[in-house]
Amino acid sequence: FEVDIHWENGQLLWALIRSGAGEFCRVRTGVPVLVISGGQENISGDEDQVVEFPTHSGEEYLLRTL
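It should be emphasised that the depicted structure is a prediction, and the values quoted were computed from it without experimental measurement.

Conventions we followed
Residues numbered from 1 in each chain as written. Predicted model: local features only at pLDDT ≥ 70, side-chain atom pairs only at ≥ 80, totals over all residues. Heavy atoms only, no water. Phe/Tyr/Trp six-rings, centres within 6.5 Å; stacked < 30°, edge-to-face > 60°. Buried < 20%, exposed > 50% of the residue type's maximum accessible area, 1.4 Å probe, protein only. Core = buried A, V, L, I, M, F, W, Y, C linked by side-chain atoms within 4.5 Å. Helix = DSSP H or I, 4+ residues; strand = E, 2+ residues; numbered from the N terminus. Contact = heavy atoms within 4.5 Å.

J.: Got a sec to walk through the packing of aromatic side chains? Specific residues and values, please.
T.: Within the structure shown, the criterion is met by one aromatic pair. Pairing Phe53 with Tyr61 gives two aromatic rings, centres 5.3 Å apart and planes at 40°, and the pair type is tilted. Taking the relative accessible area as the measure of exposure, Tyr61 reaches 4% and is therefore buried.

J.: Describe in detail the nonpolar core, supporting the description with residues and values.
T.: Among the nonpolar cores identified, the biggest contains ten residues, and these are Leu12, Ala15, Ile17, Cys25, Val33, Val35, Val51, Phe53, Tyr61 and Leu63. Of all the secondary-structure elements, those providing two or more residues to this core are strand S2 (11-18), strand S4 (33-37), strand S6 (50-53) and strand S7 (60-65). If you tally residues by element for this core, the top one is S2, at three residues. Setting aside anything within four residues of it in sequence, one finds Leu12 in contact with Ile5, His6, Trp7, Thr29, Val31, Val33 and Thr65.

What follows is the structure, given as structure tokens:
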């Protein structure tokens, strides 16, 4: 994975994840996020703020804080 992260005042605003190999992605965000991929939006994260999702090689996934 290749990741671009944007922070403001020490807080995550968004992260862009690019999948190289199409592997399953698991990220601990610390805050609830919206995962946007292919025009679809999914609110993700469990009580530990862990986001898990399958990826496809060459695709991008935007994680945006709520």
